[in-house]
Each structure stands twice: as structure tokens, then as C-alpha cells.
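Architecture and fold: a report
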Amino acid sequence: APVRILCVGRLVAAKGQHVLIEAAARLHASGRRFRLVLVGGGPDDDSLRGAVRAAGLDAVIEFTGPLDQGYAAGAPYDVILLNGSVADIPGALLAQLKEQGRLVAIIAHGGPGKAYLFVKAGAQASGVPHFDAGAKPLPGFARAPCFTF
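What counts, and at which threshold
- Residues numbered from 1 in each chain as written.
- Predicted model: local features only at pLDDT ≥ 70, side-chain atom pairs only at ≥ 80, totals over all residues.
- Heavy atoms only, no water.
- Helix = DSSP H or I, 4+ residues; strand = E, 2+ residues; numbered from the N terminus.
- Polar contact = N/O pair within 3.5 Å; in protein donor to acceptor, adjacent residues only side chain to side chain.
- Contact = heavy atoms within 4.5 Å.
- Buried < 20%, exposed > 50% of the residue type's maximum accessible area, 1.4 Å probe, protein only.
- Arc of directions from axis to C-beta.

Considering the arrangement of structural elements, one finds Gln 96 in the loop between helix H3 (91–94) and strand S5 (97–107). From its side chain, Gln 96 meets the backbone oxygen of Gln 69 in a polar contact 2.8 Å long. Beyond its immediate sequence surroundings of up to four residues, Gln 96 is in contact with Leu 6, Gln 69, Gly 70, Tyr 71, Ala 72, Ala 75, Pro 76, Tyr 77 and Ile 80.

Time to look at the environment of Pro 43. With respect to the helices and strands, Pro 43 occurs in the loop between strand S2 (34–39) and helix H2 (45–54). C-alpha separation for the pair Pro 43 and Arg 10, spaced 33 residues apart in sequence, amounts to 8.6 Å. Leaving out residues up to four positions away in the same chain, Pro 43 has contacts with Arg 10, Leu 11 and Val 12.

So, on to H2. Considered for burial, the residues of H2 that qualify are Asp 45, Leu 48 and Val 52. Looking straight down H2, one finds its buried side chains confined to an arc of 70°; they lie on one side. Of the residues in H2, the exposed ones pointing more than 90 degrees away from the buried face are Asp 46, Arg 53 and Ala 54. Those residues of H2 that are buried are in contact with helix H1 (17–29) and strand S3 (61–64).

The quantities given are spatial measurements derived from coordinates; they are silent on function.
Here is the structure:
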């Protein structure tokens, strides 16, 4: 079965989706089977779609949205990449991981964050911080305001 990858992030040059598409072209040329879904929108949308067409990857790369929901129709995913920081990982995204699937995210609460690798086992996914990291917050992933002492 093909490896299923979901990348969630705004489609802007700073996020590096062009590099991801170049890597996908190399994987495809080497005969690797995969499916990549890019979730989000932004000023690079047309450019990225053009790069996919030019590389002949229309059959293996798909564009969709909105950011905070992932793309349940393409699940389960072997890998989910959150291309920006989040305060929490939405359950809707964790539910889209296959058993032993990986989710990579930067968890930040208003300042520098930590890069985490989550692994799904059964109905749970546990994450381990690996290194300090910083990234702009992903739109739509902000914590809901709540009362605290």
C-alpha cells in the first residue's frame, strides 16, 4: 500500500512546500508509492499546484482544507506534518493517524516551543519532545479562551 502523508500549513514560501513537492517528485521517480495531501491555502497555492502539474504528480498529490480539520476522507495517514506551531493537537487530526502512524508538530504556548513526535497506539497517541523549535502559529489552532486563576 502507498505511504499516506498529510501536511497541514499555510501555503506560503516560508513553509517550504515547494521543497516537499521536489522530494515527492524524487520519490515518485524512484518508484516509491505514496499519497500526499496538502491542507491549507495561501498566496503560493497557484504556484504549488503548477509545480505539481509540471512534475506530473497530479495523481499522487492533492490540495484541500481547512487547516484545523485535516482531511479525514484521505485517512488513515502514516505521517501527519503540522507546518507551524500549535497549542494543542486537535483530536480530529490524531484520529486520522493509522496505527503506529507518526505526527510531527511544534507545541508552543505563546513563546518558543518544542518539536514533538507523536505515535499512535490503539486509541491513544503519545508525544515526546525532541528539541526546542519556533514557528509561527497555524491559523485555526489557537486555544479557546478560558478562565484560569
